[in-house]
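# Structure at a glance
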Amino acid sequence: MAESSSNMTKPAPAESGRAFIELINVSKRFGSQVVLDNVNLSLQHGETLCIIGPSGEGKTVTLKHIIGLLKPDSGDIYVDGMHVNRLKEREMAPIRQKVSMLFQGGALFDNLTVEQNVAFPLLEHGLRDREEIDRRVRAALQAVDLDEHRFKYPTSLSGGMRKRTGIARAIIDRSECILYDEPNSGLDPIGSDIIDQMILRMQRRYKVTSVIVTHDMRSIFKIANRVAMLYRGQIRFLGTPQELRDSQDQIVQDFINGRSDVTG
Ligand SMILES: Nc1ncnc2c1ncn2[C@@H]1O[C@H](COP(=O)(O)OP(=O)(O)OP(=O)(O)O)[C@@H](O)[C@H]1O
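Our subject in this report is the structure included herewith. (Residues numbered from 1 in each chain as written. Predicted model: local features only at pLDDT ≥ 70, side-chain atom pairs only at ≥ 80, totals over all residues.)

## Details of the site of the ligand
Close contacts around the ligand come from Phe30, Val35, Gly53, Ser55, Gly56, Glu57, Gly58, Lys59, Thr60 and Val61, and that covers them all. Here the element with the most residues in the shell around the ligand is helix α1 (residues 59-66); it accounts for three residues. (Near = placed C-beta within 6 Å. Helix = DSSP H or I, 4+ residues; strand = E, 2+ residues; numbered from the N terminus.)

What follows is the structure, encoded as structure tokens:
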């Protein structure tokens, strides 16, 4: 299945040519620890996939492979036909423009205001037209209901507002895909619901493809088209939220119902 030469525009393999994101037989170990063991996963454009699984099972590691921050030991990763793991760091710009990652803490710059944080990717990519920057910043902030807080610094924002700032920064570059690492963590049920509504809005308004690592079962049933459960380095379950609920797999049931044997 692996291709013989590096090529940024070569389409993904024929049988999965329509997939926007594709992981094929991806394996990754750190020292002697096998984190991903032959993982296969594919997402269509506009789809929302939630990744669940016990702590330390490779969920964040999977996101980092998609955006090219980590390389697999074996296997292949494609994003919109680009062969991510064959790209050198200096060839990653098209991937980073298509795919944004929302890190757990939001990864905001504390010395920049909300609007400066949101404008950052535009400046980084060389846009200098002040009017266009302002227009796009305002549109992104309105999309996450933060327009009136644009002059605040991250330290004076709530956790949910910081996460929404991170979402605005991810969409401003017109990313086609957003990877969210535990977007609901540390939020109360209302704050968590607001983030879910934002994710749904990104789906509906901008047709964003989303991969969301989450431990929040309620959120999964609101936002996911499909759910993948990572367990012991492999995809233990892949299906719709309803199929997850109906799964006969004891490991899956123990996990979603919070029974602790699953991590043993
Ligand atoms: N750069 C690295 N070097 C060494 N080990 C790493 C590295 N990155 C991740 N790991 C290890 O890989 C495993 C999977 O990490 P990962 O962050 O993907 O877990 P996770 O499933 O996202 O967990 P959680 O739900 O707790 O966030 C962990 O044991 C972690 O210590």
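## A word on the pairing of strand β8 (residues 209-213)
With five of its five residues buried, β8 lies for the most part within the structure. Residues Thr209, Val211 and Val213 of β8 are buried on one face, and the alternating residues Ser210 and Ile212, pointing to the opposite face, are buried as well. Here strand β7 (residues 177-181) runs beside β8; their pairing, made up of five bridges, is parallel. When the bridges of β8 are listed, Tyr180 appears paired with Ile212. Remark: the β7/helix α6 (residues 189-206)/β8 crossover connection has right-handed handedness. (Buried ≥ 20, exposed ≤ 12 C-beta atoms within 10 Å, placed from the backbone. Pairing = 2+ DSSP bridges. Right-handed = clockwise from strand over helix to strand, strands pointing away.)

## A short note on unusual backbone geometry
For Asp145, which is not glycine, the phi dihedral falls at a positive 55 degrees. With respect to the helices and strands, the residue Asp145 is situated in the loop between α4 (130-143) and α5 (159-172). C-beta crowding within 10 Å serves as the criterion here: with 15 such atoms nearby, Asp145 is assigned to the partly exposed category. Even without being glycine, Glu182 reaches a positive phi, approximately 50 degrees. Residue placement: Glu182 occurs in the loop between β7 and α6.

## Comments concerning the sheet that holds strand β6 (residues 99-102)
Taken together, the six strands give an open sheet; going across it, the order is β6-β7-β8-β3-β9-β10, and neighbouring strands pair in mixed fashion. If you trace the sheet from one side to the other, it starts and ends with β6 and β10 (234-239), each paired once. On average, each strand axis in the sheet is tilted by 15 degrees relative to the strand beside it, whichever way the strands run. Note that β6 and β7 share four bridges and pair parallel. The residue of β7 that forms the bridge with Leu102 is Tyr180. Each of β3 (48-52), β6, β7, β8 and β9 (226-231) touches α1; the most contacted strand, β8, lies at about 150 degrees to it. This element, α6, spans β3, β7 and β8 of the sheet and lies at about 160 degrees to β8. (Axes fitted to C-alpha atoms, helices over the stretch in contact; angles between N-to-C directions. Contact = placed C-beta atoms within 7 Å.)

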